[in-house]
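Observations on the three-dimensional arrangement
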Amino acid sequence: MKEKIIQIMSEICPGVDFATETALIDDGLVDSLDIVNIVTELMDVFDVEINVEDLLPENFNSVDAIAQLIEQLQE
Amino acid sequence: MAFTSWEFLLLTAGAAVVYYLLHRHTQWPVLLAASLIFYAAGGLGAMVWLFAIAAVTWGAGLVLERMNDARKALSKGDKAGQQRIKRRKKAVVAVTAVLCFGLVYVMKYWNTTVALFPAAVERVLPRWDFLMPLGLSFFTFQSVGYVIDVYRSKYAAQRNPAKYLLFVSFFPQMVQGPIGRYDALAPQLLAQRSVDWRMVDRGIQLAMWGYFKKMVIADRAAVVVNTVIGENCPYGGAVIFVGILAYSVQLYCDFSGGIDITRGVAQIFGIDMAENFLRPIFATSLADYWRRWHVSLGHWMRDYLFYPLSLSKPFAKLGKWGRHHLGGLPGKILATSAATFVVYLVIGIWHGVNFRYFVYGIWNGSLITISMLMEHRFLAWKQALHINDKSRGYHFFTMARTWLIVLFGRYIGSSPRLLVALSLMATTILHPVPSQLWDGTLLNLGITGTDWAIIGLGTAVVLAVETFQERGGKVRETLERQNGFVQWLAIAVPLIVILLLGVFRAGYISSSFIYGQY
Amino acid sequence: MQPKRWFLMFCATAAALVLALMAFNYVTDPFGAFGDRFFQWFSYDETNNPRVAKVSYLQQHHDQYDSYVIGCSSSSSLPTEALNELYDASFYNMIMYGADMADCEKIANYLLDNYQVKNLVLNIEISDGASYNTESDPLTYGLHHLEDPDLSAFTYYTRYLLANPRYGYAKLQSLETDTILPQSFDVFDEETGTYDKRVRDVEPIGNLETYLAAYSDFTTLDQSGTVGLYQTENCMKSVAAIRDACAAKGVNFVVVTAPIYGAYFNKYQPGSVENFYTQLAQVTPYWDFSCSSLSWEPRYFYDATHFRNCVGEMMVARMAGDDSVWMPDDFGVYVTADNVSDHLAGSLTAQPMDAAENSAQVPILMYHHIVEEDDGSGSVTVDLFRAQMDALLDAGYTTVSLQELADYVNRGGDLPEKPVAITFDDGYASNYELAYPILRERNMKATIFVIGVSVGKDTYKDTDHAMTPHFSYEQAAEMAASGLISIQSHTYDMHQWAPYESGDQVRENILPLPGESETDYVAALTEDFTTSRDLLEAATGGPVTALAFPTGLYTTLTSAVLRDLGVEVTLSTNPGVNTVVRGLPQSLCAMLRIGVDSETTVEALLASLQP
């Protein structure tokens, strides 16, 4: 799943090393536009519903965090 | 009560003394009293609207919390019940938002809107001639943000109406924000604390910095802007460009200066407010610029408009449609771009009901969409041209590119009408008349050569300080490490500069003028 | 540094700065708010704020006055000296620009409550019906807290202690550039309280067109007719209050309405002006000077709402019933409730004065040395001179003395149909030997300007170098005794010829020497002129009231000093024909002269006499 996520993100935000970064939001590497693009793509690909309430920096700071969020939502 | 009045300084000083004398007791009523005095000084009539917004949002918070509790009480399986409560909650938020923003709209724009109608209709429609309450849109945004957060169960509602009123009306932020978040601001407002001298000192320093930017730089630049930018501008393009530069300097120094005063005064009371400007001069793209300019409004728009809008059902459908029919990157970002346009349109309309702000919104939305679309291509170009995007030169290039884009937008922002903006742009490019830059024209724009020098030097000081900060420097901490004399100089020099070049900049009438050459 | 120490240091620095500001404002006192203890420069302070500074001045000097003029700036030219004579009093002119009747009522109450007052002259202007108690810049237009019951002492002192220090700084700068004559920063005369108009009172005034071109105020007046006199009622309430306060204290209360340029009335709504004056007459009788035939002659006004000092003299003369001062017949009427409507019907429709009635075109010819035979020096030959005199007579001209011009302007005298004045500069013996006989034969008048130091000499004063001979005091006396020739001043010794002077500084003309201080210059000029005058008057017995500027040059200060010394007529060498105006002494300043030399044919001379 992580590879899929990285692939999605790299397409939207080229030039960021998603595999290792852990402060994507806090460091401003990914901004709100990217987040929404990523989220809609994730919803499409993984067939989950991500709510506004879930759009917290801690959920998107790293690929691990995103994967965790999706797993949680898939339950 | 303007920030630049003696009354404001006296109110702040007086409130601070009482506030800290009461440090063994409940202190927040002091802040509320000061806030109400501040607001009452602007006219008792305007207070009605403050109380109205506070009452509506406070009530909405309580209702929403009760619904949240009811929803929790429901069993997880009761999908129908969940949905019912969710619908009701949505209705509460919608009614609150319509009431609040409806008031802002009516207050700010009703009469302008009426004037747009044909004369026959205009005569029938009633006019709205109430005094525009101070800071109305700021405290409305702040209150509605609170309601939405309670809706999202982010935190519990405030039950005490007086405490809530303080959150809505805290006086330093009344004039121009920043738009605070309840979970960050309210606990600080309501906390009990004894005096932290370090915090007080830094608050004073920050406020002085704000006064310097506002009174020494911005108020001078404003004179130039008022002379140059307007209908039937008689100047050549070069002077117009100087006017636009002056407008940029004025806008930034006035707004960020005001915010610094706000944050400085809040710090005197031990309260840390969020930054509202993150040195926008160093922005490397338009999107980056909007992240650094008026941060609290940007965050508000993101959290309460952009996110919900782009994740809403209609936009989700639009996204699906895009992915199917357009494919590729354009298809993927279609929905987001549409939401971006809406956000910038709202920001535009918030500035004023005028076609030029509509264009301003389109301009910002388009550029940001284009840059999203082009991001891959830019990367490819950079590789093809062997540009090192980590190099200083490239960094500066991106900054300069952003300045140009922002300056272009400034033409629209500063002009009274879109046509004026377009004609100013055309003149800038087609009839620059650069000789006006040195033939004395600049000295006939309402300010003297000395004033120009003060604007120039002042702006240079601001840039130097911001460069230092951008590189991670901490101005006040650095100052605190200096010896006593230097620290004293850092008090005396700014005070003298603010007093002589700021406070006493205007309000002097030369005797030959008084006498009128009779 | 400990944070608490920093905070204390900040407070101390801020307090020190505020105290320094207060101290600076107190010491420089640019508004005279604290009595100007250190500079005592009230003419400056009053310019910044007459309301405040005049009260401060009176606090220190009220024992010198027992009567007051109050009103807005159009009262400034009410001459205190003439009023003193009329009422046997000592007047102080309390004028304050922009003062409305709300101000006047407060000022009147202040004067009546605090000082011994014998007479109170209130000037009312039509604009008092348009504005009443309006808001304006408190620093420059606010009243003294002693005058204004609505202004607390605290507000007053904080206002002036925390005032913009640029005012005080400007005062210090002005100290450096202060001159004897008023500048824009010291427009008041401290002792009388009036505007110091010495500069405008010696400006040469000639024909109307030139005057209108110089002061566009008269032609650009707002003619809209839309300004309403909505404050008339408030204004009259204040006038009545002042009247009653004066009556209660037994103070002589006199109301005048100052002359205003006629076109100025056009900006007010039709009917409102009549209403204003009718209401005023109900409240108190008043001397109305506001509109008459004089109002339509711009040259009697500094600008549309400020009449000249010379008109002020006419006003007081009318009030005193003094006939020796010229003025138009319809100028100045004592208006009561009974005659107000008749009076208004006439005064508001007054027609401009007939130019032929109150002004005359006077060419003045300028000769120097006369020679028997043409010597190529340009000097007029005796034959040409004779021909020129005959031609003047044939053309119907009558020669006049400068004294006659002064009488026409200042004392209601008359001038002949086609007046011309003949003048000779320097006092050459040839004037006595060659010109005088020709003039005597024809009974023609002329004026000779002699240089005191060269009278009777044919060598330069400090050297034996020969010069054209000059006639003696005896010869001067002889000519004067004929009643045809007037001997006037060309200075005593301010017309030197550099090559033949021994001193290191040479006065070639009446201008100040390079680097000479104003006080030294005034002293030198005064000394020189009085010497010249005393010697001439001793020799000829006639008064010396005219001076021709050597080489034609002069400064405003020169004119002002000479005016103070009693000189009525000054002459330049600028060409042209003069327009002299009755009641306007400025039409005798730096008068134009037509230079005549050996090239001037009779025809050319006659042509140049045409205005």
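Along each chain, residue indices are assigned from 1 in the same order as the chain's sequence is written. Note on labels: chains are lettered from A, ligands numbered from 1, in written order. Restriction of local features to residues with pLDDT of at least 70 applies here, the model being predicted, together with a cutoff of 80 or more for giving and counting side-chain atom pairs; totals for whole chains, interfaces and linings are based on all residues. Excluded from the side-chain calculations are hydrogens and water; all other atoms, namely the structure's heavy atoms, are used.

1. A few points about the overall build of chain B
The condition that has to hold: Secondary structure is summarised from DSSP: a helix means a run of H or I of at least four residues, a strand means a run of E of at least two, and numbering begins at the N terminus for each. Throughout, the radius of gyration refers to the C-alpha atoms, and the reference size of a globule is 2.2 Å times the residue count to the power 0.38. Burial here depends on accessible area, computed with a 1.4 Å probe over protein chains only, as a share of the maximum for the residue type. Under 20% is buried, over 50% is exposed, and the range in between is partly exposed. Whether two residues are in contact is decided by their heavy atoms: any pair within 4.5 Å suffices.
Tallying secondary structure elements over chain B gives 21 helices and zero strands in all. The C-alpha radius of gyration computed for chain B amounts to 25 Å, which stays within 12% of the reference 24 Å derived for 518 residues, consistent with globular compactness. The buried share of chain B, reckoned over its 518 residues, is 49%. Of the contacts formed within chain B by residues at least 6 apart in sequence, a portion of 74% connects residues at least 24 apart.

2. Observations regarding the interface of chain A and chain B
The following threshold applies: Buried surface area refers to the total accessible area, computed with a probe of radius 1.4 Å, that the two partners give up upon joining, counted for both partners together. When a carboxyl oxygen of Asp or Glu lies within 4 Å of a side-chain nitrogen of Lys or Arg, that pair is called a salt bridge. Contacts described as polar in this section are N or O atom pairs within 3.5 Å, which, within protein, must combine one atom able to donate a hydrogen with one able to accept it, while residues neighboring in sequence count only if both atoms come from side chains. Only Asp, Glu, Lys and Arg are considered charged, only Ala, Val, Leu, Ile, Met, Phe, Trp, Tyr, Cys and Pro nonpolar, and every remaining residue, Gly among them, polar.
If you look at the interface, chain A gives 21 residues, while chain B gives 22 residues. Of the roughly 2,000 Å² buried between chain A and chain B, counting both surfaces, carbon and sulfur atoms make up 64%. Area buried by chain A at its contact with chain B is led by A:E11, A:L33 and A:V52, which between them contribute 27% of it. Here chain A and chain B share two salt bridges between them. We note a salt bridge from A:D44 to B:R323, for which the minimum N-O separation is 3.2 Å. At the junction of chain A and chain B, the tally comes to three residue pairs in polar contact (both at pLDDT 80 or more). At the level of elements, α1 (2–12) and α2 (32–46) of chain A are the ones that each hand at least two residues to the side of chain A that touches chain B. If you tally residues by element for the side of chain A that touches chain B, the top one is α2(A), at ten residues. Here the side of chain A that touches chain B is built from residues that sort into ten nonpolar, six polar and five charged.

3. Here we look at the pattern of salt bridges
In the structure shown here, the tally under the stated rule is 41 salt bridges over all chains. Its salt-bridge partner being B:E231, residue B:R417 comes within 2.9 Å of it at the nearest N-O pair. Taken together, the residues B:R417 in the loop between α16 (392–414) and α17 (418–430) and B:E231 in the loop between α9 (197–228) and α10 (237–268) connect sequence positions 186 residues apart. C:D244 is paired through a salt bridge with C:R243; the nearest N and O atoms lie 3.0 Å apart. Residue classification places C:R243 among the partly exposed residues on the basis of a relative accessible area of 28%. In the salt-bridge network here, residues are joined through shared partners; they are B:R279, B:D288, B:R291, B:R292 and B:E470.

4. Section: the interface of chain B and chain C
Interface size is commonly expressed as the accessible area that is lost once the parts come together. Counting residues at the interface gives 27 residues for chain B and 34 residues for chain C. A combined buried area of about 3,000 Å² lies between chain B and chain C, and 71% of that area is made up of carbon and sulfur atoms. Remark: the boundary between chain B and chain C carries zero salt bridges. Applying the counting criterion to the chain B and chain C interface returns three residue pairs in polar contact (both at pLDDT 80 or more). Those elements that place two or more of their residues in the side of chain B that touches chain C are α9, α20 (484–503) and α21 (511–515) of chain B. When residues of the side of chain B that touches chain C are assigned to their parent elements, the largest contribution, eight residues, is made by α20(B).

5. Thoughts on the nonpolar core
Short version of the rule: Residues enter a nonpolar core if they are buried and are Ala, Val, Leu, Ile, Met, Phe, Trp, Tyr or Cys, with the set joined through side-chain atoms within 4.5 Å.
Ranked by size, the top nonpolar core spans 167 residues in total, and within it A:I5, A:L42, B:Y146, B:F170, B:F171, B:F269 and B:I271 carry the most contacts. If you tally residues by element for this core, the top one is α9(B), at 15 residues. When residues no more than four places from it in sequence are discounted, the contact partners of B:I271 are B:L31, B:F170, B:L185, B:Q188, B:L189, B:R193, B:M199, B:R263 and B:A266. Formed by 90 residues, the second largest nonpolar core is a distinct cluster that contains C:L78, C:Y115, C:A240 and C:L584.

6. Observations concerning α2(A)
All names here are of chain A. Under the convention used in this document: Multiply 1.5 Å by the residue count of a helix minus one, and that product is the helix's expected span.
For α2, with 15 residues, the first-to-last C-alpha span of 20 Å sits near the 21 Å given by 1.5 Å per residue. α2 sits mainly inside the fold: twelve of its 15 residues count as buried. For α2, the complete set of buried residues consists of L33, D34, I35, V36, N37, I38, V39, T40, E41, L42, M43 and F46.

7. Details of the sheet that holds strand β2 (residues 91–93) of chain C
All names here are of chain C. The criterion, for reference: Each pair of strands is called paired provided DSSP finds at least two bridges between the two strands. Here the axes come from fitting lines to C-alpha atoms, over the contacting stretch only for helices, and the angles between their N-to-C directions go from 0 to 180 degrees.
An order of β2-β1-β3-β4-β5-β8 is seen for the six strands of this open sheet, with the pairing classed as mixed. The open sheet has two edge strands, β2 and β8 (333–335), and neither has a second partner. On average, each strand axis in the sheet is inclined to that of its neighbour by 25°, with strand direction left out of account. Looking at chain direction, strand β5 (residues 286–288) and β8 are connected through three bridges and run antiparallel. By the bridge assignment, W287 is partnered in β8 with Y334.

8. Things to note about the arrangement of the chains
Pairwise contact counts over the two pairs of chains in contact peak for chains B and C. In this assembly chain A lies apart from chain C, the nearest approach of their C-alpha atoms being 32 Å.

9. A few points about a negative patch on the surface
For clarity, the threshold we go by: Nonpolar side chains (Val, Leu, Ile, Met, Phe, Trp, Tyr) within 5 Å and like charges within 9 Å form the patches, drawn only from residues with over 30% relative accessible area and no salt bridge. Reported accessibility uses the Shrake-Rupley method at a 1.4 Å probe radius. Residues are deemed covered only where the shown protein chains occlude them. Charged residues are defined narrowly, with Lys and Arg counted positive, Asp and Glu counted negative, and His plus the chain ends left uncounted. Charge positions come from single atoms, namely NZ of Lys, CZ of Arg, CG of Asp or CD of Glu.
A contiguous patch of negative charge, built from C:E372, C:E373, C:D374, C:D375, C:E433, C:D597 and C:E599, is present on the exposed surface. Here C:D597 is to be found in the loop between β19 (594–595) and α21 (602–608).

10. Some words on the side chain of B:K89
One can find B:K89 in helix α4 (residues 79–116). Despite its burial, B:K89 pairs with no opposite charge, the nearest such side chain being A:E53 at 6.3 Å. Polar side-chain contacts of B:K89 include one of 2.9 Å to the backbone oxygen of B:Y151. Setting aside residues no more than four positions away along its own chain, B:K89 makes contact with B:L64, B:M67, B:N68, B:R71, B:Y151 and B:S153.

11. Observations regarding helix α19 (residues 518–540) of chain C
Residue and element names in this part refer to chain C. Here α19 contains 23 residues, and its C-alpha end-to-end distance of 32 Å stays within 8% of the 33 Å for a straight helix at 1.5 Å per residue. Summarising the contacts, the buried residues of α19 are in contact with β14 (446–450), α18 (473–481), β15 (485–489), β16 (546–548) and α20 (556–564). The positive-phi residue at the C-terminal boundary of α19 is G541, with phi of around 80°.

12. Details of the domain arrangement of chain B
All names here are of chain B. The following threshold applies: For each domain, the first and last residues come from an automatic or database assignment.
Taken domain by domain, chain B consists of domain 1 (6–195), domain 2 (197–273 + 416–506) and domain 3 (281–386). For domain 1 and domain 3, the distance between their C-alpha centres works out to 29 Å. Contact with domain 1, which involves 18 residues of that partner, is made by 14 residues of domain 3. Buried area between domain 1 and domain 3, summed over both chains or domains, comes out near 1,300 Å², and the portion from carbon and sulfur atoms is 63%. When the area that domain 1 buries against domain 3 is broken down by residue, the three leading residues are Y109, F141 and R181, summing to 42%. A salt bridge links R181 to D303; the shortest N-O distance between them is 3.1 Å. The interface formed by domain 1 and domain 3 contains seven residue pairs in polar contact (both at pLDDT 80 or more). Of all the elements, helix α6 (residues 136–151) adds the most residues to the side of domain 1 that touches domain 3, at eight residues. Taken together, the residues that form the side of domain 1 that touches domain 3 break down as ten nonpolar, four polar and four charged.

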